[in-house]
Amino acid sequence: MTIVVFICLDLVVLVMNIGEKKRMEIIVTDIGQGDGILIYNEDGELLLVDGGPTNEFVGMGFLQLPSFECGVSRILLTHPHTDHLFGLNRAMELCQTSLVYYNDIQAFVSGNFSRFKGLARLYNEQKLTQGDKISFGSFTIYILWPSPEYLATIKESTVNEASIAMLLDYRDFEMLFTGDINSDTQKRLKLSDYSYVIDDAVDVYKVPHHGSEHSFDEDFLAWLRPKAAVISVGENSYGHPSEKFINYFKKESVRLFRTDLDGDVRIKIR
Amino acid sequence: MLLSLSSTNRIYGTYAIFAVLVILILTRLFLICSGDLLNCSALMERGEKETLTGKYCPICNKYRQNIAVKIRSILPSPHSELLLGTTLGINDLKTIPRFNDVLVSTGTIHVVVVSGYNISLVFNHVSNLLKKANSKTRLFITQIIAVIYALMSGFEPPVLRALLMVSVIFWVRFLGRNVNITAVLLLTGLVMLAFNPLYLFDLSFQLSFMATLGLVLFSDLFETYLSSYLGENVVVSDFCASLSAQILVTPLISHAFGRISLLSALVNSIVLWLIPLITSIGMLAVIGILIHKLVGKIFVLVLLPFSLLFVNILEFVDKIFSITLPLQISKDTLIMYYMLVGVIAWYSGRKPRNKETE
């Protein structure tokens with residue numbers, strides 16, 4: 001009898017902590033100074049975009065009922081800096097993944113990136129460059145950057161500019177993801193080519209590089225006219241996020257969400 | 001000899017051994033550090049970061065790392081870090097800095113390391129499993145398994161101290177003698193320092209030694225006093241154990257980390273009952289995963305609710321109460337404090353205690 005009660009309690013605690021299965025939801029997680037984004041499609045499949053600077057990214061939410069197996073379908077690394085990469089290694093240790101998207105930047109060498117490449121080799125790998133398109137359930141993801149020509153010229157000091165930038169589209173909802181690119185690179189995204197996708201304005205803008213002032217471009221933002229913006233930022237000594245972004249969003253009445261102040265930012269798509 | 005002689009001869013014998021060891025340690029320390037204690041401290045900081053297991057038993061280290069990879073493949077964070085810390089002494093806490101901060105601010109960081117407690121758990125579990133074997137065989141096998149476990153868990157100073165101490169206690173018991181825990185603890189510490197005098201500057205050695213000394217010196221005293229008001233129960237017992245250890249450990253933590261947890265003893269008494277469960281089931285999960293991933297996973301599913309409870313309680317307490325005080329005591333104050341404790345220990349050593357703390 002005691003054993004039965006114990007097993008029941010055991011299962012209740014587990015189920016309570018694993019939580020409900022998410023659908024059509026994008027979560028910009030509060031992972032400190034870094035990026036870690038979860039994208040769930042209508043089937044509850046999960047695409048990870050970057051993994052943050054710590055293992056804390058890979059918590060109980062990754063386990064799915066009833067098998068308690070990890071439910072990460074695909075992984076996308078925007079660029080190999082540790083604040084975007086670290087948690088993905090942990091995710092690949094825990095989860096069986098079908099596809100890993102990343103660009104192998106030869107100019108950048110680090111232990112974490114080598115480990116990432118080693119783990120990614122266990123799954124299907126795919127390189128992403130400007131013009132590529134991914135279907136993820138009902139989501140369509142247009143890859144805006146980097147171009148193959150630019151990738152060939154990357155140096156260690158310009159790895160941020162090789163970030164995979166993408167436009168996620170579902171019916172009349174669009175969200176722009178920009179990795180850590182700066183203002184010059186934003187001008188090269190050729191967003192005007194995607195006017196047929198962007199109905200009126202971009203709904204959510206994931207601000208590049210944790211709100212760094214080097215990524216601020218008023219003209220670009222004026223063209224984009226985002227309805228909401230999300231900054232993934234934690235405690236840092238770089239002055240992120242810049243006052244320029246904060247003041248601009250205030251002036252233009254753009255709703256701003258910050259992971260350091262608001263915690264996980266959840267975008268539910270209906 | 002230390003434990004077999006009786007009355008005055010035994011006491012003089014003990015003091016003689018201690019004196020010889022102290023002279024040996026001081027001589028070695030003088031030679032290693034070229035007569036400068038500050039130099040010793042620097043030597044320790046520059047010293048090899050590799051564990052003794054990594055140095056002397058590479059194959060054990062390889063197995064240890066393989067087990068860690070397997071555990072990480074079935075358990076999310078911070079539960080895998082918790083399990084690997086409590087069972088194999090693998091310190092992955094730097095990869096989960098927020099939970100690490102929660103552990104520090106609640107004064108429970110000591111839980112996520114392999115300590116003397118694990119060694120005594122192995123001794124007790126294996127000894128109970130071999131009940132039907134004759135006592136000599138049982139002790140011999142238990143001893144071998146404890147040594148293997150110590151090797152698998154990194155053979156860090158706290159493990160080495162506990163292995164020596166628990167082994168002496170079990171063998172002396174087997175020989176039918178009474179054990180003076182304080183004497184065994186001091187002897188263990190001195191033998192370790194004679195082996196490597198630089199352990200004197202190792203924080204894990206200092207914390208492990210002081211925590212155990214605190215338990216030996218004060219635990220009975222507090223428990224007797226508090227039980228008379230609150231009755232005998234596990235919370236009172238855990239609170240007394242925590243408080244006893246904290247008395248000697250807190251100054252060290254303050255000196256090393258510059259902050260102390262004000263509610264540490266209270267928080268420890270709330271969550272301490274979970275540790276034997278997490279450690280024991282964690283050990284079974286480690287053994288299980290060596291057999292088959294599915295076996296390991298079954299044990300992990302039994303473990304998870306306890307681990308979740310532990311993590312959730314600490315995160316809740318940390319969120320609700322601001323319980324750390326920024327305080328860094330100086331080296332001089334630290335030395336004076338422990339000299340005072342030394343006097344108490346000396347008095348305490350004159351009245352052997354029978355309670356075996358670990």
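Below is a short write-up of the structure. (Residues numbered from 1 in each chain as written. Chains lettered and ligands numbered in written order. Predicted model: local features only at pLDDT ≥ 70, side-chain atom pairs only at ≥ 80, totals over all residues. Heavy atoms only, no water.)

1. Concerning the overall build of chain B
When its secondary structure is counted, chain B shows 16 helices and two strands. Here chain B holds 358 residues, and 48% of them are scored as buried. By sequence separation, contacts in chain B at least 24 residues apart represent 75% of the contacts at least 6 residues apart. (Helix = DSSP H or I, 4+ residues; strand = E, 2+ residues; numbered from the N terminus. Buried < 20%, exposed > 50% of the residue type's maximum accessible area, 1.4 Å probe, protein only. Contact = heavy atoms within 4.5 Å.)

2. Re the environment of A162 of chain A
Residues and elements named next belong to chain A. Residue placement: A162 occurs in the loop between α4 (148–151) and β11 (165–170). Residue A162 is classed as buried on the basis of its relative accessible area of 0%. The spatial distance from the C-alpha of A162 to the C-alpha of D193 is 20 Å, given a sequence separation of 31 residues.

3. Regarding the sheet that holds strand β8 (residues 124–126) of chain A
Residues and elements named next belong to chain A. Pairing is mixed across the open sheet formed by seven strands, whose spatial order is β8-β7-β6-β3-β2-β1-β16. For this open sheet the edge positions go to β8 and β16 (265–268), each flanked by a neighbour on one side alone. If you compare each strand with its neighbour and ignore which way they point, the axes differ by 20 degrees on average. Both strand β2 (residues 36–40) and strand β3 (residues 46–51) contribute to a ladder of five bridges, which runs antiparallel. Paired with Y40 across the two strands is L46, which belongs to β3. In the packing of helix α2 (residues 82–94) onto the sheet, contacts are made with β3, β6 (72–76) and β7 (99–101), and the angle to β3 comes to roughly 135 degrees. (Pairing = 2+ DSSP bridges. Axes fitted to C-alpha atoms, helices over the stretch in contact; angles between N-to-C directions.)

4. Some remarks on the state of the cysteines
Residue and element names in this part refer to chain B. Under the definition given, this model contains two disulfides over all chains. Through a disulfide, C57 is tied to C60; the S-S separation comes to 2.0 Å. Looking down the S-S bond of the C57 and C60 bridge, the torsion is 60 degrees, so its handedness is right-handed. By relative accessible area, which is 13% here, C57 ends up buried. (Disulfide = S-S within 2.5 Å.)

5. Comments concerning the interface of chain A and chain B
Each side of the interface is counted separately: chain A has 22 residues, and chain B has 22 residues. Between chain A and chain B, a total of about 1,800 Å² is buried, with carbon and sulfur atoms accounting for 58% of that surface. If you sort the residues of chain A by the area they bury against chain B, E56, R90 and E93 of chain A come out on top, with a joint share of 26%. Taken together, the links from chain A to chain B amount to two salt bridges. A salt bridge links R90 of chain A to E81 of chain B, with the nearest nitrogen and oxygen atoms 3.9 Å apart. Linking chain A with chain B are eleven residue pairs in polar contact (both at pLDDT 80 or more). (Buried area = accessible area lost by both parts, 1.4 Å probe. Salt bridge = Lys/Arg side-chain N within 4 Å of Asp/Glu carboxyl O. Polar contact = N/O pair within 3.5 Å; in protein donor to acceptor, adjacent residues only side chain to side chain.)

6. Concerning the packing of α2 of chain A against helix α3 (residues 111–120) of chain A
Residue and element names in this part refer to chain A. Orientation of α2 relative to α3, taken along the N-to-C sense of each, is 35 degrees, at an axis distance of 9 Å. Relative to α3, α2 is oriented so that their crossing is left-handed. Residues T82, L85, F86, L88, N89, M92 and E93 of α2 touch α3, and the partners they reach there are N112, F113, R115, F116, L119 and A120. Classifying every residue of the contact of α2 with α3 by side-chain character gives eight nonpolar, three polar and two charged. (Left-handed = near helix turned anticlockwise from the far one by under 90°. Nonpolar A, V, L, I, M, F, W, Y, C, P; charged D, E, K, R; others polar.)

7. Looking at the sheet that holds strand β9 (residues 133–136) of chain A
Residue and element names in this part refer to chain A. Pairing in this open sheet of seven strands is mixed, and the strands run β9-β10-β11-β12-β13-β14-β15 from one edge to the other. The open sheet has two edge strands with one neighbour each: β9 and β15 (255–258). For this sheet the average axis-to-axis angle between neighbouring strands, irrespective of direction, equals 20 degrees. Note that strand β14 (residues 228–231) and β15 share four bridges and pair parallel. Bridging across to β15, A229 finds its partner in L256. Contacts between helix α7 (residues 243–251) and the sheet are confined to β13 (204–206), β14 and β15, with β15 contributing the most and set at about 145 degrees to the helix.

8. Some thoughts on the pairing of strand β12 (residues 173–177) of chain A
All names here are of chain A. Of all five residues in β12, five are buried; the element is thus mostly enclosed. Neither face of β12 is open: one carries F173, M175 and F177, the other E174 and L176, and all of them are buried. Sheet topology places β11 next to β12; five bridges connect them, and they run antiparallel. Counterpart to M166 in the pairing with β12 is F177. Connecting β11 to the next strand, β12, in antiparallel fashion are two residues, including R171 with a positive phi near 50 degrees.

9. Regarding a nonpolar patch on the surface
All names here are of chain B. Among the surface-exposed residues, Y12, Y15, V343, W346 and Y347 lie close enough to one another that they form a single nonpolar patch of about 590 Å² accessible area. Contributions of two or more residues to the nonpolar patch are made by α1 (7–32) and α16 (331–349). Here the element with the most residues in the nonpolar patch is α16; it accounts for three residues. You can see Y12 is positioned in helix α1. (Patch = residues over 30% accessible without salt bridge, like charges linked within 9 Å, V, L, I, M, F, W, Y side chains within 5 Å. Areas by Shrake-Rupley, 256 points an atom, 1.4 Å probe, with all protein chains shown as cover.)

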